[in-house]
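Given next are the chains, with one letter for each unit.
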Amino acid sequence: MLYLSTRGHTDRKRFCEILLEGLAPDGGLYLPAHYPQIDAQKLAQWRGIWDTQGYAGLAFAVLSLYIDDIPAADLKALCDKTYTEQVFGSPQIVPLKPLQAPGAPTPELYLEALSNGPTLAFKDMAMQLLGNLFEYELSRRDEELNILGATSGDTGSAAEYAMRGKKGVRVFMTSPNGRMSPFQQAQMFSLLDENIHNIAIDGVFDDCQDIVKAVSNDLTFKRKYKIGTVNSINWARLLAQVVYYFAGYFQATKTNAEEVNFSVPSGNFGNVCAGHVARMMGLPIAKLVVATNENDVLDEFFRTGVYRVRGSADTHETSSPSMDISKASNFERFIFDLLGRDGSRVAHLFGAAIHEQGRFDLSSDPLFVQAAQRYGFVSGKSTHADRLATIRDVFARYGIMVDTHTADGVKVAREHQQTGVPMLVLETALPIKFASTLVEALGREPYRPAQFNGIEALPKRVQIMPADTALIKEYIAAHCD
Ligand SMILES: *Cc1c(COP(=O)(O)O)cnc(C)c1O
């Protein structure tokens, strides 16, 4: 499989070349040159793999269609090592939880549980694989990598838990000092591994991001210290997420003649873009429901055809904070497909148009209607009040607590139900990560998995620093012998 850029660059690369890279040289995102097609026979074969070899077997089947520069036996071993019951808490790895009232003939919805990995958010699903892929590839090349990132919570902790103790990798993770939830701070700062560096910046999340950008723009420093990232535009992360759409489908259906819908709590459009890839491969998905919070950049696009990025002043701080985005960094991938893979048009829209006008408008383009008609996308938005109401309703009806992001997914899923088509809502985090809103909704603390008891009292390893790029560079240099 070869990979190309969404902005039309003529280079074609292989998987391991793009694995450790961020953007393509022209500023675009990488996508496979084509989507391998899963016909009826293949889908039947994959259902068999799911039944007999489980998640790791299915992951290998999906990944091997996109990765041909890692020997099959090695790739299989990486999948087997990543997706274990020990790490993800159940033999199915991503079990379905039906929301079904007593006596009802069918469940109203299913939650697909993606949040039982080490940091209790779905980002572990991809990041755990990435950690093993990085270690494998770096050792093969005899190279090192220093991952520099900025996080407001879920991404940073998932990256640290995936990279801890891995040979050849160090993580320097900046976060806004004092602004993450106490549980999230405890999760990250209690990691004592030598290759993990927590840097709490006196400032807000944007300051952290600015520092990461400034360091990455210093090409001499970047090369000398082998600085890399693990952000959500990484193709390997997206690819890993394709697997659980297949796993969800096989669990919710008995035959491959059936269709399902997925509702996806969305921010940077990484998770639902993986659903788009699965659907392009031929998985029988009727609708992909994009659920946003008050930061409704994506809902606005799917309703109106206008994509309008927000300034930091119009980005809301919400109670589903992992979806608080001003622009959706993976969205360019879908627009590339929507516009018939016209790289020069995508380069114009995400280059000049966004830079000069902060928006582009496809409402009068005949291709826009295909977003829904051909690609199955629909959308909706959920607010703080909706979130509280949904958390209360799901708990009252089914005795199940959902986190704030998953609640957004449930709220919007309910607006797009079709009779006879199972609706799967991706559970993107567990409620304990966002306890204060759960307490606001239900008046009680959410359930805490046993391994997290007392985590807030553990010793912490974190360096507090001012928002000063030069000092961060010094810190990195000093810790990269
Ligand atoms: C990251 C995250 C999201 C958003 O996922 P995208 O891939 O950015 O759309 C939703 N919910 C939770 C809990 C997250 O951590």
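Everything that follows concerns the structure shown earlier in this document.
An account of the accompanying structure is given in this report. Quick caveat, the model's predicted, so the values are computed rather than measured.

### With respect to the overall build of the protein
Counting its regular elements, the protein contains 19 helices and 15 strands. Here the C-alpha radius of gyration of the protein, 21 Å, is about what a compact globule of 481 residues would show, namely 23 Å. With the C-alpha coordinates of the protein rotated into their principal frame, the extents come out at 60 × 55 × 50 Å. Taking as baseline every contact in the protein between residues at least 6 positions apart, the subset at least 24 positions apart corresponds to 75%. In the structure as shown, the protein presents an accessible area of about 18,600 Å², 50% of it carried by carbon and sulfur atoms. In the protein, 47 positive and 55 negative side-chain charges are present, and the distance between their average locations comes to 2 Å.

### What about the pairing of strand β4 (residues 109-113)?
Remember that side chains alternate between the two faces of the sheet whenever the strand is regular. Among the five residues in β4, five count as buried, and that is most of the element. With burial as the criterion, each face of β4 is covered, one bearing Leu109, Leu111 and Ala113 and the other bearing Tyr110 and Glu112. Examined bridge by bridge, strand β3 (residues 96-99) and β4 share four bridges and lie antiparallel to one another. The residue bridging Leu96 from the neighbouring strand is Glu112, located in β4. As paired strands, β4 and strand β14 (residues 423-427) are joined by four bridges and run parallel to one another. Looking across to β14, one finds that Ala113 is bridged to Glu427.

### Quick look at the site of the ligand
Every one of the 15 residues lining the ligand counts as a neighbour, but Lys123, Asp154, Gly267, Asn268 and Asn271 are closest to it. One of the side-chain nitrogen or oxygen atoms of Lys123 is found 2.5 Å away from an oxygen atom of the ligand. The contact in question runs from an oxygen atom of the ligand to an N or O atom on the backbone of Asn271, over 2.9 Å. With the chains in place, 97% of the 380 Å² that the ligand exposes on its own is no longer accessible. For the shell around the ligand, the residue count by class is five nonpolar, eight polar and two charged.

### What to know about the sheet that holds strand β5 (residues 145-150)
Spatially, the five strands line up as an open sheet ordered β8-β5-β6-β7-β15, and their pairing is parallel. The open sheet is flanked by β8 (227-228) and β15 (463-466), the only strands paired with a single partner. Relative to strand β6 (residues 169-176), β5 is paired through six bridges, and the arrangement is parallel. Its bridge partner being in β6, Asn146 is matched across the sheet by Arg170. Packing against the sheet, helix α19 (residues 469-478) makes contact with β5, β6, β7 (196-202), β8 and β15, and its axis sits at approximately 145° to β15.

### Quick notes on the sheet that holds strand β9 (residues 260-265)
Taken in spatial order, the six strands line up as β3-β4-β14-β9-β10-β13 in an open sheet, and their pairing is mixed. Whereas interior strands pair on both sides, the edge strands pair on one side only; in this sheet they are β3 and β13 (377-381). Neighbour-to-neighbour, the strand axes of this sheet turn through a mean angle of 25°, independent of strand direction. By the bridge criterion, five bridges tie strand β10 (residues 285-292) to β13 in an arrangement that is parallel. Across the sheet, Thr292 pairs through a bridge with Lys381, a residue of β13. Packed on one face of the sheet, helix α12 (residues 297-304) meets β10 and β13 and runs near 130° to β13.

### Section: unusual backbone geometry
As a rule of thumb, non-glycine residues mostly have phi less than zero, and peptide bonds are mostly trans rather than cis. A positive phi angle, close to 55°, is found at Asp142, a residue other than glycine. Note on placement: Asp142 falls in the loop between α5 (123-141) and β5. In this structure, Arg341 is a non-glycine residue whose phi angle is positive, near 60°. On the secondary structure map, Arg341 appears in the loop between α13 (331-338) and α14 (343-357).

### Focus on the packing of aromatic side chains
On inspection of all chains with the given rule, the structure shows 30 aromatic pairs. Centroid distance Phe183 to Phe452: 5.4 Å. Interplanar angle 50°. Geometry classified as tilted. Here Phe452 lies in the loop between α18 (435-442) and β15 and Phe183 lies in helix α7 (residues 182-189), a separation of 269 residues in the sequence. The two residues Phe183 and Phe452 agree in class, both being buried.

### Describing the side chain of Ser232
As for its position among the elements, Ser232 is in the loop between β8 and α10 (235-252). Among the residues examined, Ser232 registers a relative accessible area of 18% and is labelled buried.

Calculation notes
Numbers given for residues are sequential positions, taken from 1 along each chain in its written order. Predicted model: local features are reported for residues with pLDDT of at least 70 only, side-chain atom pairs are reported and counted for 80 or more only, and whole-chain, interface and lining totals are derived from all residues. Neither water nor hydrogens contribute to the side-chain values; these are computed over all heavy atoms in the structure. Think of it this way: any DSSP run of H or I at least four residues long counts as a helix, any run of E at least two long counts as a strand, and we number them from the N terminus. To get the radius of gyration, use the C-alpha atoms; to get the globule rule, take the number of residues to the power 0.38 and multiply by 2.2 Å. Contacts are residue-level and defined by heavy atoms, with any inter-residue pair within 4.5 Å sufficient. Areas reported as accessible are Shrake-Rupley estimates using a 1.4 Å probe. Residue values count occlusion only from the protein chains shown. Counted as positive: Lys and Arg. Counted as negative: Asp and Glu. His and the chain ends are not counted at all. By convention, the charge on Lys lies at NZ, on Arg at CZ, on Asp at CG and on Glu at CD. Using a 1.4 Å probe on the protein chains alone, a residue whose accessible area is under 20% of its type maximum counts as buried, one over 50% counts as exposed, and one in between counts as partly exposed. Following DSSP output, two strands are said to pair if at least two bridges run between them. One heavy atom within 4 Å of a molecule or strand makes the whole residue count as near it. For this analysis, a polar contact is any N or O atom pair within 3.5 Å, provided that within protein one partner can donate a hydrogen and the other can accept it, and provided that sequence-adjacent residues contribute only side-chain to side-chain pairs. When residue character is reported, Ala, Val, Leu, Ile, Met, Phe, Trp, Tyr, Cys and Pro are called nonpolar, Asp, Glu, Lys and Arg charged, and the others, Gly included, polar. Axis lines are fitted through C-alpha atoms, for helices just across the contact stretch, and the angle between N-to-C directions can take any value from 0 to 180 degrees. Put simply, two rings from Phe, Tyr or Trp (the six-membered ring, in Trp's case) pair if the centres are within 6.5 Å, and we call them stacked under 30 degrees between planes, edge-to-face over 60, tilted for the rest.

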